[in-house]
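Spelled out, the chains give:
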Amino acid sequence: MLETTQSERLGIFTRALSGNTPQETSADTKTKMRVQNLDFYYGNFRAIAGVTMDIPEKSITAIIGSSGCGKSTLLRTFNRMGDLVGHTRVRGSVTLDGENIYDRNVDVVLVRRRIGMVFQRPNPFPKSIFDNVAYGPRLLGVGGKALEQIVEQSLRDAALWDEVKDKLHQSGLALSGGQQQRLCVARTIAVKPEVILMDEPCSALDPIATYKIEELMIQLRNEYTIVIVTHNMQQAARVSGLTAFMNMNPDRAGVLVEFGPTTQIFTNPAKKETEDYITGRFG
Amino acid sequence: MPRDTFEKQVNDLKKTLLALGALTTQTISDGTEALKTRDRVTAQSLIKQDIEINRMRYDIEERAYRLIATQQPLASDLREIMSILLIAIELERIADHSKNLAEIVIRMGDEPLLKPLIDIPRMAQLCESMLGQALDAVARNDSELARAVCNRDEEIDQLYKQIFRELMTYVMEDSRTVTRALNLLFAAHNLERIGDRVTNIGERVIYAATGRLEELNVENHQMVE
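What counts, and at which threshold
Residues numbered from 1 in each chain as written. Chains lettered and ligands numbered in written order. Predicted model: local features only at pLDDT ≥ 70, side-chain atom pairs only at ≥ 80, totals over all residues. Heavy atoms only, no water. Phe/Tyr/Trp six-rings, centres within 6.5 Å; stacked < 30°, edge-to-face > 60°. Buried < 20%, exposed > 50% of the residue type's maximum accessible area, 1.4 Å probe, protein only. Helix = DSSP H or I, 4+ residues; strand = E, 2+ residues; numbered from the N terminus. Lys NZ or Arg CZ within 6 Å of the ring centre and 35° of its normal. Disulfide = S-S within 2.5 Å. Pairing = 2+ DSSP bridges. Right-handed = clockwise from strand over helix to strand, strands pointing away. Expected span 1.5 Å × (residues − 1). Core = buried A, V, L, I, M, F, W, Y, C linked by side-chain atoms within 4.5 Å. Contact = heavy atoms within 4.5 Å.

Caption draft 1: Representation of the packing of aromatic side chains in the model. One pass over the full model with this rule turns up three aromatic pairs over all chains. With 5.1 Å between their ring centres and 85 degrees between their planes, Phe40(A) and Tyr42(A) make a pair best called edge-to-face. Given the relative accessible area of 2%, Phe40(A) is considered buried. Each ring, one from Phe245(A) and one from Tyr277(A), has its centre 5.0 Å from the other, and the planes form 25 degrees; the classification is stacked. Taken together, the residues span a long stretch of sequence, with Phe245(A) in strand β9 (residues 242-248) and Tyr277(A) in helix α11 (residues 272-278) at a distance of 32 residues. Stacked on the ring of Phe125(A), the Lys or Arg Arg187(A) has its end atom at 4.2 Å from the ring centre. A cation over a ring is seen here: Arg3(B) above Phe6(B), with NZ or CZ 4.3 Å from the ring centre.

See below:
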């Protein structure tokens with residue numbers, strides 16, 4: 001029989017509770033991205049106000065909050081997707097490995113190569129599975145055997161290879177929703193980004209496809225820094241090490257209310273606003 | 001409120017828990033009274049009542065699982081439901097200790113008591129009063145009260161040690177008293193365990209109220225065990 005002392009048993013209980021999130025962030029984790037006093041404007045409307053947060057390397061950081069609180073807008077500032085919408089303005093800074101991605105001399109294309117994105121609805125190109133994944137590497141001048149290797153490895157890393165290896169030249173649009181989303185992940189990682197932003201990547205998927213994407217994220221976390229926006233709080237609780245809760249201030253600007261270890265946010269949040277939101281007593 | 005139904009279900013669950021708590025508290029005094037008066041009828045009915053207490057515990061357990069599975073409670077909701085679940089288990093075990101007292105009564109038959117009972121009823125009274133306070137702490141989600149209750153476990157442990165020493169002197173003087181001494185020691189031991197389980201309930205209240213997992217009275221534990 002397994003004998004344990006009382007304090008060992010308590011330790012096991014405590015660890016079991018915190019170990020539920022598949023990731024622990026320790027103090028010595030390197031900061032990959034640093035957001036400081038970030039304001040984001042659509043014209044005169046301030047959509048994000050004063051967000052400051054450090055995103056640790058090779059970890060999953062989740063952003064939760066009610067609709068319209070600026071989660072996706074914040075995520076898009078992380079690879080300057082906001083630039084693509086007219087009349088937008090950014091104040092404050094977002095750094096990647098210490099370099100402000102909003103500096104004038106920064107190449108925005110390079111930023112987006114280093115910081116890839118997966119969207120809410122799977123959006124494969126109307127091309128073959130192979131060409132979807134090969135698209136980015138080809139732009140970077142990769143071809144021949146090397147390209148084939150990258151495509152295979154990316155599909156393997158996206159946990160899709162076994163399902164598509166015999167039909168690489170079929171259209172990516174013929175795949176199921178969950179497979180299409182994993183194809184989009186494969187396409188994203190084919191250019192070897194350092195950070196992957198995911199904007200509600202499972203909201204259009206069924207539970208099984210959702211679990212596959214979550215497993216995939218947990219595996220990818222060893223190589224990539226992942227930031228995910230999700231409405232599914234259980235998903236944030238399952239996959240992330242840190243969770244950020246955003247809310248709207250009276251001016252309807254998105255603010256960061258609480259940012260901390262996921263276990264703490266979901267079992268014992270520090271702010272009442274967070275508690276009200278995650279227990280569903282809000283709005 | 002967006003989660004009225006859920007809140008009502010949690011409140012109802014807590015009410016059932018407190019009802020189980022009231023029944024359990026009663027078993028301590030019934031068991032001790034049966035021991036004092038050698039009342040085998042009360043002892044029998046206590047043994048029977050344990051079936052109902054076990055049923056209530058499973059009912060709470062089942063409802064807690066259902067809430068967890070269907071409502072995915074988080075933060076204070078999660079802590080409260082988990083605490084209710086764990087406290088229900090502690091209460092059921094406390095009632096088992098009371099049932100053990102009843103079984104001692106039946107086992108002893110007409111054999112006279114080794115000595116008049118003084119400290120055992122005192123222990124029982126303490127247990128009952130601690131459990132009552134612990135249940136108040138549950139009802140009010142009051143971590144300070146829970147902590148105060150747990151601190152009283154020390155008194156129970158001291159009484160237990162005193163009883164232990166006293167009974168040992170009887171056995172050392174006359175080894176023929178060993179069975180009767182062990183019956184009383186077993187009774188005291190069950191009450192001592194009740195004190196520990198009330199401490200566990202206090203720990204659950206503190207967790208539900210504050211989110212802190214703490215082990216209280218570690219030293220007392222190690223001294224007694």
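Now that the structure has been shown, we can carry on.
Caption draft 2: Spatial organisation of the state of the cysteines. All names here are of chain B. Counted under the stated rule, the structure contains zero disulfides over all chains. Cysteine Cys 150 is unpaired, with the sulfur of Cys 127 as its nearest cysteine sulfur at 13 Å. We classify Cys 150 as buried; its relative accessible area is 1%.

Caption draft 3: Region of the structure containing unusual backbone geometry. All names here are of chain A. Residues other than glycine seldom take positive phi values, yet Asn 37 does so here, at roughly 45 degrees. Residue Glu 200 is not a glycine yet carries a positive backbone phi of 50 degrees. Secondary-structure assignment places Glu 200 in the loop between β7 (195-199) and α8 (207-220). Judged by relative accessible area, Glu 200 falls into the buried class, the value being 9%.

Caption draft 4: Representation of the pairing of strand β8 (residues 225-229) of chain A. Residues and elements named next belong to chain A. The buried fraction of β8 amounts to five of the five residues, a majority that puts the element mostly inside the structure. In terms of strand pairing, β7 meets β8 through five bridges, oriented parallel. Counted as the bridge partner of Asp 199 is Val 229 from β8. For the handedness criterion, the β-α-β arrangement of β7, α8 and β8 is classed as right-handed.

Caption draft 5: Local environment of helix α7 (residues 178-210) of chain B. If you check α7(B), its first and last C-alpha atoms are 47 Å apart, about what 33 residues at 1.5 Å a residue would give, namely 48 Å. Note on α7(B): the residue one or two positions beyond its end, Gly211(B), has a positive phi of about 80 degrees.

Caption draft 6: The arrangement of the nonpolar core in detail. Within the largest apolar cluster, 63 residues are counted, with the highest numbers of intra-cluster contacts made by Ile120(B) and Leu191(B). Only α1 (4-37), α2 (40-71), α3 (75-108), α4 (119-140), α5 (143-151), α6 (153-173) and α7 of chain B provide two or more residues apiece to this core. The biggest single contributor to this core is α3(B), with 13 residues. Sequence-distant contacts of Leu191(B), defined by excluding residues within four places in its chain, comprise Ile28(B), Leu101(B), Ile120(B), Met123(B), Ala124(B), Cys127(B) and Ile156(B). Membership of the second largest hydrophobic core comes to 47 residues, among which are Val118(A), Ile129(A), Leu183(A) and Ala75(B).

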